[in-house]
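Structure at a glance
Spelled out, the chains give:
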Amino acid sequence: MKKKTRKLSVIALLLSTAVFTACSAPVSTNATSSKGSFNGKEIEAFADPIFAQKMKEYNVNGSNFVVVKDGKVLVNKGYGYADKEKKTLVDKNTVFQIASVSKTFTALAALQLVEQGKMDLDHDINAYLGGMKVPNETETPLTLRNMLSYTTGFDYPDKANFVAPEYVDQDIPMKKFMTEHMPTVVRTPGEAYTYDNFAFLLAGYAVENVSGTPFYKYMENHVFKPLGMNSTSARFTPELLARMATHYGPDGKPHPTFGHAPTDGPQGSILSTGEDMAKYLTLFQQQGSVNGKQIISKETTKMMQTYSVFANESLPMTTVGGFEGYRNDLMNGYHVVLKGGNMPGHQSLIVLLPEENTAFYMSYNNDTMMSLDIYEALMDHYFPEKKAPEAPTYLPLPASEATKYTGTYLNTRFYFLKSNFTYADGNLIMETGTSGTHTLRMINPLLFEDELGNKLAFKKDHKDQIEYFYYTKPNSPDFVSDARKVHTKPAFADVSEESPYKSYIDNLYSLDVISAKSGNNFEPQGTMTQGEFMDALILAHGWYGFPHLIEGNKELTKKSIPGFDRNAVITRQVAAVMIQNLKQAKQASKITLKDDTDSWATDSIIALVSQGIVDPDTKVNDDGSVDFRSKKPLLRQEASALLDLAFGYYTLPIKH
């Protein structure tokens, strides 16, 4: 039996809130050496103790569970409480937010219009947006196929993904919202995989515009009602809210329901029940037909479950249907497509095995990673590994060949994830800020394996150059998207080779955190405004595409800095407080400030200095005293050093 361990929340990474959730221990599986009998009673006898164990382990109050095979519902039941305080039990009619599982429904709706000839998978998407234009810096049009398979090339794929309690009672239209938050295509569409919320929001808007019907109405009339999904909606209704499971945090405490902005969220706003989701699973097992109604064609049904994007031929990634192939190690050699969904307080997972005509579904009312443990147990019991994989044969990697792989790479969704590749003793050495250092041996010129057996696939761009990689290490967030090579930029004319600030400036410039001030000049001795520094800070931190985090930091900054003014020249103490608002560094040694510093900035400066986050011109004496020059204007070169050092556990030196 292969070793399986996991400590990082997977689905939460992939979905709307992009939150990291840790598990305290390796997965405990209930694997057997042969398939379990596949009937309702046996499945319940196996699943009941698994759910009891895992719900206790993950502090889950209530969950539903559905199994469908050959178009027949074998299990559809609830476990625990929809509302623990009121002792309301979960059953097949309990409503859950299925979050990003919604993406597969949006893909289905778009593909219906493709079947009708109203849209084309490979036509420029701008033709279906009613005059709205998607900025595109490449020479390749963005298509619906790219959007439904997570290969758009957007710079900030989560830019318009707002979730908050206040959105539950609001009606926010898609068009205005999207116009104000439109990302830009910066990578050749179709080239790289990036988990992409905006792609499905845009696809839903195309459905709305082409059909001439509001998205939620289109879904109701052409998807939900024909499927008999009478307790499913793309937006809140009083009746569904009344049956919705209470939302709980991992600590077991209830919290408010979160809504979407815009209100119709094709990327994640659908509500449903176990009863209705069973009908959706049946659709895939009956070749697009339910109760004699052909919802989508046989060909489209197959396409939605067929991988079209691969990191490597052995590493499937996505389908033109919103389904994915993450956690390939849990598939046991079977063809599996799945989709997870996460909203604060609700989690969902749908698993399809097309060749076995079998599907699983579950939702539960907290946002831990219980779903993957149960998925793993179900696979190992009913679909155990057919045979142990053959040990790979490794090829030698000459130093002359290694140069095409070496360098620094930046994750295309989470910009705080940076990895650096060097060469030593015939192998690639991968250093990351999240999962440490790994030795990679070459299986073939595009596929490598680390010391634990995790695969890393390099990918070429449209110029036939190594430009991306995809890593499958389970406890690493890198696998949620491809990472792209960072290319050095021409040096600034006014930053000398001898400057102690040059490496910091070069790093941030190559990562597009900072730019020239005029022409090819950086103006290292120039000043910055508070607004300019905040923008650079958020880029350096890597969360620029997540608006709820940006807005939260802005509000915190306003509260912690008296008289905050985006247009005012920033001082060193204001910059320190802004960094600490995101960094949350802990004081590591005794530091005494010798200069005049305002009380509201003292703790932040001391915390940063004690962690070594100081610019080259600031010297810390042996007794821990330091003149931070707190009230002096922050120079642009100093800003570069502080930002690079503050997030240095993500930032690695860029190899020239």
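Here the structure is a predicted model, which means the values were calculated and not measured.

1. Remarks on the sheet that holds strand β20 (residues 436-444)
Pairing in this closed barrel of eight strands is antiparallel, and the strands run β17-β18-β19-β20-β21-β22-β23-β24 around the ring. On average, each strand axis in the sheet is tilted by 30° relative to the strand beside it, whichever way the strands run. Relative to strand β24 (residues 483-485), strand β23 (residues 466-471) is paired through two bridges, and the arrangement is antiparallel. Bridge pairing links Tyr468 to Arg484 in β24.

2. Points about unusual backbone geometry
Pro262 follows Ala261 through a cis peptide bond whose omega is 0°. The residue Pro262 is located in the loop between β8 (259-261) and β9 (271-272) in this model. Phi angles above zero are rare outside glycine, and Gln287 is one such case at about 55°. Positionally, Gln287 belongs in the loop between α9 (274-285) and β10 (289-290). Given a relative accessible area of 44%, Gln287 falls into the partly exposed group. Located in the positive-phi region is Asn291, a residue other than glycine, with phi close to 55°. Examined against the element boundaries, Asn291 turns out to sit in the loop between β10 and β11 (293-294).

3. Details of the pairing of strand β16 (residues 358-364)
The buried fraction of β16 amounts to seven of the seven residues, a majority that puts the element mostly inside the structure. Neither face of β16 is exposed, since Thr358, Phe360, Met362 and Tyr364 on one face and Ala359, Tyr361 and Ser363 on the opposite face are all buried.

4. Quick look at the environment of Tyr216
Structurally, Tyr216 can be placed in helix α7 (residues 215-227). Counting along the chain gives twelve residues from Tyr216 to Gly204, while the straight-line C-alpha distance between them is 9.4 Å. Residue contacts for Tyr216: discarding those within four places in its chain leaves Ala234, Arg235 and Asp264.

5. Observations regarding the nonpolar core
Counting 115 residues, the largest nonpolar core has Phe105, Leu148, Leu202, Tyr280 and Tyr375 as its most contacted members. Here this core takes nine residues from helix α6 (residues 197-211), the largest share from any one element. Once residues lying within four places of it in the same chain are set aside, the contact partners of Tyr375 are Leu330, Met331, Val336, Leu338, Leu349, Val351 and Met362. Leu410, Val486, Val495 and Val614 belong to the second largest nonpolar core, which has 51 residues in total.

Parameters at a glance
Residues numbered from 1 in each chain as written. Predicted model: local features only at pLDDT ≥ 70, side-chain atom pairs only at ≥ 80, totals over all residues. Heavy atoms only, no water. Pairing = 2+ DSSP bridges. Helix = DSSP H or I, 4+ residues; strand = E, 2+ residues; numbered from the N terminus. Axes fitted to C-alpha atoms, helices over the stretch in contact; angles between N-to-C directions. Buried < 20%, exposed > 50% of the residue type's maximum accessible area, 1.4 Å probe, protein only. Contact = heavy atoms within 4.5 Å. Core = buried A, V, L, I, M, F, W, Y, C linked by side-chain atoms within 4.5 Å.

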